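Chain and residue survey
So you can see what is in the structure, the chains are spelled out below.
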There are 2 protein chains.
Amino acid sequence: MAKKKTSIKDIAEALGVSITTVSFILNGKAREKRISDEMTGKVQDYIKKIGYKPSHIAQSLRLGKSKIIVFMVEDISNQFFASIARLIEEKAYKNGYKIIYCSTENDTIKTKELISTFKMRNVDGFIITPTPGLEHVVRKLLEEDFAVVLFDRWIPDVDCSYVVVENKLSAKEATQHLIHQGCKNLGFVTVDSSQTQMNDRMDGFLEALIGTEAKSAILKVKFHTISEQEASRKILEFFSSHPELDGVFFSTNYLAFEGLHALIKLGKKIPEQIRLVSFDDHYFFNLFQPPITAIEQPIEEIAENLMDLMLKQLEHGEVQNNKIILPNKLNLRESSVYK
Amino acid sequence: MAKKKTSIKDIAEALGVSITTVSFILNGKAREKRISDEMTGKVQDYIKKIGYKPSHIAQSLRLGKSKIIVFMVEDISNQFFASIARLIEEKAYKNGYKIIYCSTENDTIKTKELISTFKMRNVDGFIITPTPGLEHVVRKLLEEDFAVVLFDRWIPDVDCSYVVVENKLSAKEATQHLIHQGCKNLGFVTVDSSQTQMNDRMDGFLEALIGTEAKSAILKVKFHTISEQEASRKILEFFSSHPELDGVFFSTNYLAFEGLHALIKLGKKIPEQIRLVSFDDHYFFNLFQPPITAIEQPIEEIAENLMDLMLKQLEHGEVQNNKIILPNKLNLRESSVYK
DNA sequence: TTATTCTGCTAAAAGGTTTTACCTAAATTA
DNA sequence: TAATTTAGGTAAAACCTTTTAGCAGAATAA
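Residues numbered from 1 in each chain as written. Chains lettered and ligands numbered in written order. Predicted model: local features only at pLDDT ≥ 70, side-chain atom pairs only at ≥ 80, totals over all residues. Heavy atoms only, no water.

**Some details on the protein's contact with DNA strand C**
For DNA strand C, the set of nearby residues contains 29 residues, the closest of which are Thr-21 and Ser-36 of chain A together with Ile-8, Tyr-52 and Arg-62 of chain B. Arg-62 of chain A places a side-chain nitrogen or oxygen 3.4 Å from a base nitrogen of DNA strand C. Between Asn-27 of chain B and DNA strand C, the recorded distance is 3.1 Å, taken from a side-chain N or O atom to a phosphate oxygen. Secondary-structure elements contributing two or more residues to the surface near DNA strand C are helix H2 (19-26) and helix H4 (56-63) of chain A together with helix H2 (19-26) and helix H4 (56-63) of chain B. (Near = heavy atom within 4 Å. Polar contact = N/O pair within 3.5 Å; in protein donor to acceptor, adjacent residues only side chain to side chain. Helix = DSSP H or I, 4+ residues; strand = E, 2+ residues; numbered from the N terminus.)

The following block contains the structure:
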């Protein structure tokens with residue numbers, strides 16, 4: 001019913017004081033502004049009594065800050081991104097910030113549009129998994145003094161803070177692990193895009209092969225631009241046309257899921273006939289029989305660093321080019337010893 | 001650098017017209033307000049030229065609407081909630097709304113605090129998975145004319161819109177399925193809380209037993225209030241102390257994951273020794289060997305209905321007590337025929 | 001005593017919109 | 001011709017804060 005919110009003005013009138021006085025008291029500047037303790041008490045009591053809360057919108061307008069951070073990821077329903085969302089949420093709320101999310105679908109046009117609408121929404125900061133071709137927009141954002149932190153991948157030619165992981169090193173280690181297990185014909189399944197993290201993973205894979213006699217076969221799937229069935233078919237096709245493969249590296253977990261599906265269909269014995277390794281660990285990999293080796297990204301640290309950089313930029317206007325690269329953890333599992 | 005945003009006033013001055021005129025044109029009321037086409041064109045050209053976008057904050061203040069919906073779920077990193085988040089996002093953005101998320105952790109105090117801060121943020125609508133003891137707050141929200149839609153579970157004594165699924169019926173069907181497969185000793189593993197959806201699932205399970213000779217054993221785990229290890233231990237303990245069980249119903253997928261873990265540890269053969277059924281389907285259930293039967297909630301429909309109800313309330317101030325109950329799909333799988 | 005400082009408080013502007021109420025000159029109607 | 005309507009616009013209030021600049025009176029200093 002009574003949608004009418006009480007404002008500072010109402011309080012001032014009810015108490016017969018000025019708006020200014022109430023505002024000072026509300027903002028803890030009573031002492032500083034020489035409001036008597038008596039008056040302060042009176043106003044505070046009244047505010048508590050009627051349960052007044054200031055309008056954040058009016059504050060935003062006046063102060064030019066919305067206390068909102070936008071979290072733009074490829075797909076919020078992806079386990080990895082959802083987990084990060086969960087973790088940054090806590091820190092944001094603790095510091096008085098709210099988080100708006102959106103999924104870019106790795107679509108540059110869509111992402112640009114989203115950024116443009118967020119700008120007019122006066123959001124204070126952007127946490128972004130950049131799509132290809134976003135250089136200009138991000139540069140503009142920085143010029144206009146927005147707080148920006150990239151993650152998961154970064155943009156080579158833009159001097160912007162980011163938090164990523166050691167993609168190349170971890171991929172190399174995991175590949176070497178396959179080689180040590182005796183694999184001679186290695187497959188690499190990745191998404192067909194120029195995202196830096198995927199490139200780095202492939203570089204790591206290739207580097208591990210140097211100086212060994214292992215052979216390799218690579219499949220790039222346009223995972224998000226084609227239908228899931230089609231992606232699935234491509235992967236199945238890859239494995240049927242490469243029966244020699246005795247080890248596979250999946251550059252991300254959803255590819256591994258599809259790959260697993262395909263290999264089971266083909267009747268391959270894991271790990272006897274073919275060994276698997278995947279980037280992005282998942283509860284599932286530990287539960288599958290046999291459990292599957294995977295590279296675990298340090299999501300707590302990623303989230304922590306993301307919000308640290310973001311808050312630093314927001315509160316102190318700190319330098320914008322903090323580059324953080326975190327180590328991953330290789331969870332060895334396919335030893336068939338379940339624990 | 002140039003953080004100074006151009007405002008309607010700047011445009012008015014530059015063109016030597018009044019603010020009102022510009023505003024009318026911006027809001028497509030030029031004709032209605034009898035602004036000449038010539039003037040309209042001039043202003044529109046200028047606006048396009050300088051790329052002006054109105055300040056949403058100022059609009060919010062003036063109109064009392066923020067065009068923000070808050071999505072309050074138990075845990076945004078949970079696959080089910082994250083998937084819904086992804087789907088409602090699209091519809092929200094299409095209608096000019098943004099979505100703020102937060103995780104309640106099923107903690108009533110925390111939830112109340114969150115709602116309170118959102119109110120002063122002037123959010124327009126609330127989509128909530130209600131925690132126990134939230135009756136008052138939700139009722140208040142409705143009284144104050146906020147748009148509210150509950151989902152996943154509802155609050156018995158409050159007349160508020162919601163979108164839920166046929167928990168009881170589906171649980172009953174799944175249990176009957178176990179019985180038809182020949183299970184005589186059924187376990188039911190659920191979370192220890194009074195959430196309506198969990199109660200309904202248990203009711204369905206129990207109802208399926210009526211008139212049969214099957215026996216049952218029930219475990220309630222305080223999943224979120226105790227550590228994950230401890231929950232895991234409880235479940236392991238349950239299965240070791242109930243070796244007679246030849247069928248289990250898990251009331252949600254993360255319990256099934258833990259249960260699976262425990263059963264594998266105990267060396268149980270699935271499905272020969274014990275058959276499994278879980279609420280909330282998951283990619284994983286189809287991939288596991290043998291694949292596991294599960295009840296799939298219609299997340300697209302849930303999301304669709306959620307946003308429909310929400311937008312109806314927001315745009316037309318429609319009646320608030322729309323109760324939608326959607327059917328689930330029982331995905332039969334443990335037949336060991338992999339497809 | 002006069003000049004200065006301090007105490008306690010307030011008026012008003014600014015932030016960017018939307019919208020109501022109104023104005024003037026030209027055109028139409030009676 | 002006189003009265004009314006229409007065309008084309010505008011001034012100003014309202015939404016709710018924060019903050020600057022300042023005011024009157026009391027206390028202190030010179």
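**Here's the deal with helix H1 (residues 8-15) of chain B**
Residue and element names in this part refer to chain B. Turning to H1, its buried residues number three or more, namely Ile-8, Ile-11, Ala-12 and Leu-15. The buried residues of H1 occupy an angular sector of 100 degrees when projected down its axis, which confines them to one face. On its buried side, H1 packs onto H2 and helix H3 (37-50). Where H1 ends, the next residue or the one after it, Gly-16, has phi of about 65 degrees, a positive value. (Buried < 20%, exposed > 50% of the residue type's maximum accessible area, 1.4 Å probe, protein only. Arc of directions from axis to C-beta. Contact = heavy atoms within 4.5 Å.)

**Points about the relation of the copies chain B and chain A**
Each copy of the sequence occupies a distinct position, and chain B is placed on chain A by a rotation of 180 degrees and an axial shift of 0.0 Å, giving an RMSD of 0.1 Å. Overall, the copies show the geometry of a two-fold rotation axis. For chain B, the residue whose C-alpha comes nearest the rotation axis is Ile-100 of chain B, separated from it by 2.2 Å. Counting the interface residues of chain B, we find that 100% of their copies in chain A are interface residues as well, pointing to one common contact surface. (Least-squares fit on C-alpha atoms with pLDDT ≥ 70 in both.)

**A look at unusual backbone geometry**
Residues and elements named next belong to chain A. Between Ile-270 and Pro-271 the backbone carries a cis peptide bond, its omega angle lying at 5 degrees. Relative to the elements of secondary structure, Pro-271 occurs in the loop between helix H11 (253-265) and strand S9 (275-279). In this structure, Glu-105 is a non-glycine residue whose phi angle is positive, near 55 degrees. You can see Glu-105 is positioned in the loop between strand S2 (98-103) and helix H6 (108-120).

**Concerning the state of the cysteines**
Counting across every chain of the model gives zero disulfides over all chains. Considering cysteine sulfurs only, Cys-102 of chain A is the nearest to Cys-160 of chain A, which forms no disulfide, with 16 Å between them. (Disulfide = S-S within 2.5 Å.)

**So, the UniProt feature "domain: HTH lacI-type" (unreviewed entry) in chain A**
The UniProt entry lists residues 6-63 of chain A under the feature "domain: HTH lacI-type" (unreviewed entry), expressed in the numbering used here. Across residues 6-63 of chain A, the secondary structure splits into 66% helix and 0% strand, with the terminal C-alpha atoms separated by 20 Å. (UniProt positions renumbered as here; feature names shortened; annotations may be inferred.)

**Considerations on a negative patch on the surface**
All names here are of chain A. A cluster of acidic residues, Glu-296, Glu-300, Glu-301 and Glu-304, forms a negative patch at the surface. Top contributing element to the negative patch by residue count: helix H13 (residues 299-316), with three residues. Mapping Glu-304 onto the fold places it in helix H13. (Patch = residues over 30% accessible without salt bridge, like charges linked within 9 Å, V, L, I, M, F, W, Y side chains within 5 Å. Areas by Shrake-Rupley, 256 points an atom, 1.4 Å probe, with all protein chains shown as cover. Salt bridge = Lys/Arg side-chain N within 4 Å of Asp/Glu carboxyl O. Lys, Arg positive; Asp, Glu negative; His and termini not counted. Charge placed at Lys NZ, Arg CZ, Asp CG, Glu CD.)

**Some thoughts on the protein's contact with DNA strand D**
Neighbouring residues of DNA strand D: 28 residues in total, closest Ile-8, Tyr-52 and Arg-62 of chain A together with Thr-21 and Ser-36 of chain B. Close to the protein, within 4 Å, the atoms of DNA strand D belong to sugar or phosphate groups at a rate of 51%. At 3.1 Å from a base oxygen of DNA strand D is found a side-chain nitrogen or oxygen belonging to Arg-34 of chain B. Separating a phosphate oxygen of DNA strand D from a side-chain N or O atom of Ser-36 of chain B is a distance of 2.7 Å. Classifying every residue of the surface near DNA strand D gives twelve nonpolar, ten polar and six charged. (Nonpolar A, V, L, I, M, F, W, Y, C, P; charged D, E, K, R; others polar.)

**Topic: the interface of chain B and chain A**
With 60 residues of chain B in contact, the opposing surface of chain A contributes 62 residues. Summed over both sides, the interface between chain B and chain A buries roughly 5500 Å², with carbon and sulfur atoms accounting for 59% of that surface. A per-residue breakdown of the area chain B buries against chain A is headed by Ile-57, Tyr-101 and Arg-121 of chain B, which together make up 15% of the total. In this structure, the connection of chain B to chain A is made through four salt bridges. Its salt-bridge partner being Glu-105 of chain A, residue Arg-86 of chain B comes within 3.2 Å of it at the nearest N-O pair. At the junction of chain B with chain A, the criterion picks out 21 residue pairs in polar contact (both at pLDDT 80 or more). Sorting the residues of the side of chain B that touches chain A by element identifies H4, helix H5 (79-94), strand S2 (98-103), helix H6 (108-120), helix H11 (253-265) and helix H12 (283-287) of chain B as the ones contributing at least two each. A total of nine residues in the side of chain B that touches chain A trace back to one element, the largest contributor, which is H5 of chain B. Here the side of chain B that touches chain A is composed, by residue class, of 27 nonpolar, 16 polar and 17 charged. (Buried area = accessible area lost by both parts, 1.4 Å probe.)

**Topic: the sheet that holds strand S6 (residues 185-191) of chain A**
All names here are of chain A. With mixed pairing, six strands are arranged side by side in an open sheet as S7-S6-S8-S9-S10-S12. On the outer flanks of this sheet lie strand S7 (215-221) and strand S12 (329-331), each paired with one strand and no other. Along the sheet, successive strands turn relative to each other by an average axial angle of 15 degrees, direction set aside. Where strand S10 (residues 293-296) lies against S12, three bridges are found, and the strand directions are antiparallel. Bridging across to S12, Ile-295 finds its partner in Leu-330. (Pairing = 2+ DSSP bridges. Axes fitted to C-alpha atoms, helices over the stretch in contact; angles between N-to-C directions.)

**As for the side chain of Ser-60 of chain A**
Here Ser-60 of chain A is to be found in helix H4. Exposure remark for Ser-60 of chain A: the relative accessible area of 5% places this residue in the buried category. Those residues within four positions of Ser-60 of chain A in sequence are excluded, and the remaining contacts are Lys-65 and Ser-66 of chain A together with Ile-57 of chain B.

**Comments concerning the packing of aromatic side chains**
By the definition in use, this model includes 34 aromatic pairs over all chains. In this structure an aromatic cluster arises from ring pairing among Phe-257, Tyr-283, Phe-284, Phe-285 and Phe-288 of chain A together with Phe-257, Tyr-283, Phe-284, Phe-285 and Phe-288 of chain B. Above the face of the Phe-279 of chain A ring, Arg-201 of chain A is positioned so that its terminal group lies 3.7 Å from the ring centre. (Phe/Tyr/Trp six-rings, centres within 6.5 Å; stacked < 30°, edge-to-face > 60°. Lys NZ or Arg CZ within 6 Å of the ring centre and 35° of its normal.)

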